[in-house]
Amino acid sequence: MMCDKRHLSFSSESPEDTLEIARAFGGALHPGDVVGLTGDLGAGKTLFCKGVGEALGIPPDRIVSPTFTIVTEHAGPVPLTHIDVYRLSNAREADEIGMRELLPGDGVCLVEWAEKIEELLPTDCIQVTFTISGDDRREIAVAAPDLPRFDDFRARSQRFQSGG
Ligand code: ADP
Ligand code: MG
C-alpha cells in the first residue's frame, strides 16, 4: 500500500538529543519497515541506529560501524537488520551481494548511505536525512508515512521539532 509521507524536521543539540529522537522514532516502527539514512560521515546515522535499536530492545553497544561489515543482523522481539553501504559503489554492487533479498526483512531494516542504493529500496521506504549544522548540532529530517502509529513519535519528539 502506498501512502502519503509526512515530513518532520528536528534540531538536535547533542548526541543525547539524537538518541532521544531515534528512540521515539524506533517505537513507531513495525516489522517490514525499511529506513534509509542519508548524511555525511559523522552526521549521526549510526548513533540514530543505536537509538532505534534501543527502542527494539537491542543493547546500543551491539550497534557499531565496523570498517568492512556491510550487513549485521540483530535478533530480538523485532529483529533489526543494520546495513551500511558506505563501502559499496552503487546499487548494482549491493544487488550482487544479495541485498535485494534483505529488503524488506522480517523485522526492521536500517540502511546507512541509503542514497547509494536508492533503486533497491522499496518505494515506501522511510527516509531520515542528517545535516551537520554545528559541532554538536544536527538537523534531522524524517519523511515517514502519515499513519496513526507515528502519532506517538510526533508527540514524544515534539520538543525537538523545528517546523517544515
Ligand atoms: P555517521 O554514522 O553518520 O557517520 P556517527 O553516528 O557514527 O555518524 O557519529 C556521529 C558523531 O557526531 C559522534 O561522534 C557523535 O558523538 C557526534 N555528535 C555530536 N553532536 C551530535 C548530535 N547532535 N547528534 C549526533 N551525533 C553528534
Ligand atoms: Mg555510520
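Residues numbered from 1 in each chain as written. Chains lettered and ligands numbered in written order. Predicted model: local features only at pLDDT ≥ 70, side-chain atom pairs only at ≥ 80, totals over all residues. Heavy atoms only, no water.

S.K.: Just to check I follow, could you spell out the nonpolar core for this structure?
M.R.: Nonpolar side chains tend toward joint burial in soluble globular proteins. Core analysis: the biggest nonpolar cluster contains 30 residues, and Phe25, Phe48, Val128 and Phe153 have the highest contact counts within it. Taken together, the elements giving at least two residues each to this core come down to strand 1 (5-12), helix 1 (15-26), strand 2 (34-38), helix 2 (45-55), strand 5 (108-112), strand 6 (126-132) and strand 7 (138-145). With 4 residues, the single largest contributor to this core is helix 1. If near-sequence neighbours (up to four positions away) are discounted, phenylalanine 153 is found in contact with Leu8, Phe10, Ile21, Ala24, Phe25, Ala28 and Val142. Ranked by size, the runner-up nonpolar core spans 17 residues in total, among them Val34, Leu88, Leu103 and Cys125. (Core = buried A, V, L, I, M, F, W, Y, C linked by side-chain atoms within 4.5 Å. Buried < 20%, exposed > 50% of the residue type's maximum accessible area, 1.4 Å probe, protein only. Helix = DSSP H or I, 4+ residues; strand = E, 2+ residues; numbered from the N terminus. Contact = heavy atoms within 4.5 Å.)

S.K.: Sorry if this is basic, but what is going on with empty space enclosed by the protein here?
M.R.: If a probe the size of a water molecule is rolled over the atoms, the empty space left behind becomes visible. On inspection of all chains with the given rule, the structure shows 1 cavity of 30 Å³ or more. Put simply, the largest cavity is a space of about 50 Å³. Contributing to the lining of the largest cavity are Val64, Ser65, Pro66, Thr69, Ile70, Val71, Thr72, His82, Ile83 and Asp84. Of all the secondary-structure elements, those providing two or more residues to the lining of the largest cavity are strand 3 (71-74) and strand 4 (80-84). (1 Å grid on protein atoms, 1.4 Å probe; cavity = no way out; pocket = protein on both sides within 12 Å on 5 of 7 lines; lining within 4 Å. Points joined across faces, edges and corners; volume = space filled by probe spheres on them.)

S.K.: Can you help me understand the state of the cysteines in this one?
M.R.: Each disulfide consists of a covalent bond between the sulfur atoms of two cysteine residues. In this structure the tally under the stated criterion is 0 disulfides. Note on cysteine 49: no disulfide assigned, nearest cysteine sulfur contributed by cysteine 109 at a separation of 10 Å. Between cysteine 125, a free cysteine, and cysteine 109, which holds the nearest cysteine sulfur, the sulfur-to-sulfur gap is 8.9 Å. Overall, the relative accessible area of 5% leaves cysteine 125 in the buried class. (Disulfide = S-S within 2.5 Å.)

S.K.: Would you mind showing me how to read the sheet that holds strand 1 here?
M.R.: Spatially, the 7 strands line up as an open sheet ordered 1-7-6-2-5-4-3, and their pairing is mixed. Taken across any chain shown, the strands that pair with only one partner, and hence form the sheet edges, are strand 1 and strand 3. Mean inter-strand twist for the sheet, computed between neighbouring axes without regard to direction, equals 15 degrees. Sheet topology places strand 2 next to strand 5; 4 bridges connect them, and they run parallel. Along strand 5, the bridge assignment pairs valine 35 with leucine 110. The strands touched by helix 1 within the sheet are strand 1, strand 2, strand 6 and strand 7, with strand 1 carrying the most contacts at an inclination of about 155 degrees. On top of the sheet, helix 2 reaches strand 2, strand 4, strand 5, strand 6 and strand 7; it is set at about 170 degrees to strand 5, its chief contact. (Pairing = 2+ DSSP bridges. Axes fitted to C-alpha atoms, helices over the stretch in contact; angles between N-to-C directions.)

S.K.: What exactly am I supposed to notice about the pattern of salt bridges here?
M.R.: Side chains bearing opposite charge may pair, as long as their charged atoms lie close to each other. Counted by the stated rule, this structure contains 11 salt bridges. Put simply, arginine 6 and aspartate 146 hold a salt bridge, and the shortest N to O gap is 3.2 Å. Here the residue arginine 6 occupies a position in strand 1, and aspartate 146 occupies one in the loop between strand 7 and helix 5 (151-156), the gap between them amounting to 140 residues. For arginine 6, a relative accessible area of 34% gives the class partly exposed. On the basis of relative accessibility, which here comes to 39%, the residue aspartate 146 falls in the partly exposed class. A salt bridge links glutamate 96 to arginine 92; the shortest N-O distance between them is 2.7 Å. Here glutamate 96 and its partner arginine 92 are both found in helix 3 (residues 91-96), 4 residues apart, which amounts to about one turn of the helix. Each member of the pair, glutamate 96 together with arginine 92, is exposed. Residues joined in a network through salt bridges with shared partners are Arg6, Asp146, Asp151 and Arg154. (Salt bridge = Lys/Arg side-chain N within 4 Å of Asp/Glu carboxyl O.)

S.K.: Help me understand the packing of helix 1 against helix 2 in this model?
M.R.: Helix-helix packing is described using two parameters, namely the angle between the two axes and the distance between the axes. Between helix 1 and helix 2, whose axes approach to 7 Å, the crossing angle comes to 45 degrees. By the angle class used here, helix 1 and helix 2 are oblique. Here the hand of the crossing between helix 1 and helix 2 comes out right-handed. Counted together, Pro15, Thr18, Leu19, Ile21, Ala22, Arg23, Phe25 and Gly26 of helix 1 and Leu47, Phe48, Lys50, Gly51, Val52, Glu54 and Ala55 of helix 2 form the full contact between these two elements. Taken together, the residues that form the contact of helix 1 with helix 2 break down as 9 nonpolar, 3 polar and 3 charged. (Parallel < 35°, antiparallel > 145°, perpendicular 65-115°, else oblique. Left-handed = near helix turned anticlockwise from the far one by under 90°. Nonpolar A, V, L, I, M, F, W, Y, C, P; charged D, E, K, R; others polar.)

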